[in-house]
Amino acid sequence: MPRTPARLDVLAVALLASAALGLTASPLASAAPVPAGAPLTVEEQRLERAVPQEILRRSGFDSVTPGFVRALEGATSYGQAERAVARHGSALWERAVGRAQGRGTAGGDLSRDDDRPLYWARLGMTAGLRQWQPAFDVTEAQRARLMDRLERSSRGQDSMDLPTGKGVKRIVMTGFDPFTLDRDIRISNPSGATALALDGTWIHTSQGPARIETAVFPVRWQDFADGTVERTLARQLPKADLFTTVSQGRVGRVDIERFNGAWRGGFPDNDTVSRTETVPVADPASQPQWTLTSLPYEAITAADTGRFPVYDNTSVTEIPAGGGAPVVRPDGPTPGSAARAGGGGNYLSNEIAYRATLLRDRLGLNVPGGHVHTPVLQFAAGNTTGITDPEFVRNRLDIISQTREIIRVAAESGEAG
């Protein structure tokens, strides 16, 4: 899908947001027009639509981008810009986590458990950074480093803080941004909402307390090819007693995905980019076609964790050894086969599970870990335009609660499956 022309520069972001907030005119209002920077991504262009603007306004997150833009405009050196990016990126993550966990004011009437304010506010910030025109020289590589710092800090990827010492379990959990936004731009991702609700929280197991640290990942093929998963988890998994990657899956059910496949199926990402290929990883010569969960799936599926039924999903799609057409195998892959879909499919949910469990194996870790697919988060029947409704909120809260309980059961069960 070709990109449409984008006319959103830093000045426009600041002035439009200020007008929406009812703020007095800033000094930027009388400044000369800022030259257009780099074109916005497809993902960033959606920010101009009515739904994202309503989500930001009704959560109070419409103030995020103007503050960030002012900080960038005030930087007189690359070092100052770098500090502004780090400060505002971390503040966005902390604000979203605090809102989800009931700290501070809600900032609007949108439910606190909503993950969408974080997503759309971050896109406002990346758009502002992309089109920022500093008064000093900034190389392409330096701007890329700033963008990377903003992405990582605003996703909790660089602030995971697992406790040390004995008598406590350490749990890593990851979620995702909303996706399929061209199908329905109102979409929320319950895995991202769960990450916000659980970050830095404690759960109690029969073996003692457990601390959960979370991060959220983009729905973009290139970020995964660039190693964002490994970069984030390589320092955390060796310290963890349990990890689980989480994403939105099927309607009305939870799946513990037994097998993960080394294949990208080509479904367009949030930038409408498609990739159909073997999952690109370091040292591809030693890359397996399949990895396995080590989550205690029997204990999880046997437990009463919540409203939705939980399944041990063993289905895969493979090309059998010797070639031929893809075949669905309900009981897992056969020897020598080539992956075409894991239990979680062949999109980025399968890929994060594959990468995380491959990293586990390459690090030689014996730790429970794998992928949980939540139910699809649905609006109430008949709601085709509203950004929220009571049933939508209840569904999300139920998914968050059940995912937390699944993590508790997995932590309590002890050994890797």
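The structure presented is a predicted model; accordingly, all values stated were derived computationally and were not measured. (Residues numbered from 1 in each chain as written. Predicted model: local features only at pLDDT ≥ 70, side-chain atom pairs only at ≥ 80, totals over all residues. Heavy atoms only, no water.)

Undergrad: Give a detailed account of the packing of helix α8 (residues 190–198) against helix α13 (residues 390–413), specifying residues and quantitative values.
TA: Running from N to C, α8 and α13 cross one another at 65°; their axes reach a closest spacing of 9 Å. At the point where α8 passes α13, the crossing takes the right-handed sense. Each of P190, A193, T194, A197 and L198 in α8 lies in contact with α13, whose residues at this interface are R396, I399, I400, T403, R404 and I407. Residues that form the contact of α8 with α13 fall into these classes: seven nonpolar, two polar and two charged. (Axes fitted to C-alpha atoms, helices over the stretch in contact; angles between N-to-C directions. Helix = DSSP H or I, 4+ residues; strand = E, 2+ residues; numbered from the N terminus. Left-handed = near helix turned anticlockwise from the far one by under 90°. Contact = heavy atoms within 4.5 Å. Nonpolar A, V, L, I, M, F, W, Y, C, P; charged D, E, K, R; others polar.)

Undergrad: Could you give me a rundown of the environment of R103, with the residues and numbers involved?
TA: Along the polypeptide, R103 turns up in the loop between α5 (78–100) and α6 (116–130). Sequence-distant contacts of R103, defined by excluding residues within four places in its chain, comprise V97, G98 and R112. A distance of 3.0 Å separates a polar atom in the side chain of R103 from a polar atom in the side chain of Q101. (Polar contact = N/O pair within 3.5 Å; in protein donor to acceptor, adjacent residues only side chain to side chain.)

Undergrad: Residue-level account of helix α4 (residues 64–74), with values.
TA: Note on helix geometry: an α-helix contains 3.6 residues per turn, so any two residues three or four positions apart are oriented the same way. Where burial is concerned, most of α4 is hidden: eight out of the eleven residues are buried. Looking at α4, one finds that the buried residues are V64, T65, P66, G67, F68, V69, A71 and L72. (Buried < 20%, exposed > 50% of the residue type's maximum accessible area, 1.4 Å probe, protein only.)

Undergrad: For the packing of aromatic side chains, give the residues involved together with the corresponding values.
TA: To describe a pair of aromatic rings, you give the distance between the ring centres and the angle between the ring planes. Going through the model one piece at a time under the given rule, you end up with eight aromatic pairs. Considering the side-chain rings of W132 and F136, the 5.8 Å spacing of their centres and the 70° angle between planes classify their relative orientation as edge-to-face. F136 carries the same exposure label as W132, and that label is buried. Pairing F176 with F224 gives two aromatic rings, centres 6.1 Å apart and planes at 10°, and the pair type is stacked. Taken together, the residues span a long stretch of sequence, with F176 in strand β1 (residues 169–176) and F224 in helix α9 (residues 221–225) at a distance of 48 residues. With respect to burial, F176 and F224 carry one shared label: buried. By the ring-pair criterion, three or more aromatic residues cluster together here, those being F179, W221, F267 and Y347. The aromatic ring of F379 is capped on one face by R186, whose charged end is 4.0 Å from the ring centroid. Residue placement shows R340 over the ring face of W263; its charged tip is 3.7 Å from the ring centre. (Phe/Tyr/Trp six-rings, centres within 6.5 Å; stacked < 30°, edge-to-face > 60°. Lys NZ or Arg CZ within 6 Å of the ring centre and 35° of its normal.)

Undergrad: Can you lay out the nonpolar core for me, pointing to particular residues and giving the numbers?
TA: Counting residues in each nonpolar core, the largest one holds 63 residues, and the members touching the most others are W120, L129, W132, I171, I300 and I407. The dominant element in this core, judged by the number of residues it contributes, is α5, at eight residues. Residues contacting L129, with those up to four places away along its chain left out, are F68, L72, R143, L146, M147 and L150. (Core = buried A, V, L, I, M, F, W, Y, C linked by side-chain atoms within 4.5 Å.)

Undergrad: How would you summarise the pattern of salt bridges if you had to cite specific residues and measurements?
TA: Close approach of charged atoms allows side chains with opposite charge to pair. Within this structure, the stated rule accounts for 32 salt bridges. Residue R58 is joined to E54 by a salt bridge in which the shortest nitrogen-to-oxygen separation is 2.8 Å. Judged by relative accessible area, which is 22%, R58 ranks as partly exposed. Here E54 falls in the partly exposed class, since its relative accessible area comes to 23%. Between D148 and R231 there is a salt bridge whose closest N-O contact spans 2.8 Å. Within this pair, whereas D148 is found in helix α7 (residues 140–153), its partner R231 is found in helix α10 (residues 228–233), the two being separated by 83 residues in sequence. (Salt bridge = Lys/Arg side-chain N within 4 Å of Asp/Glu carboxyl O.)

Undergrad: Help me get a handle on the side chain of S294, residues and values and all.
TA: The residue S294 is located in the loop between β9 (290–292) and α11 (297–302) in this model. Given a relative accessible area of 6%, S294 falls into the buried group. Among the polar contacts listed, one links the side chain of S294 to the side chain of R360, at a separation of 2.8 Å.

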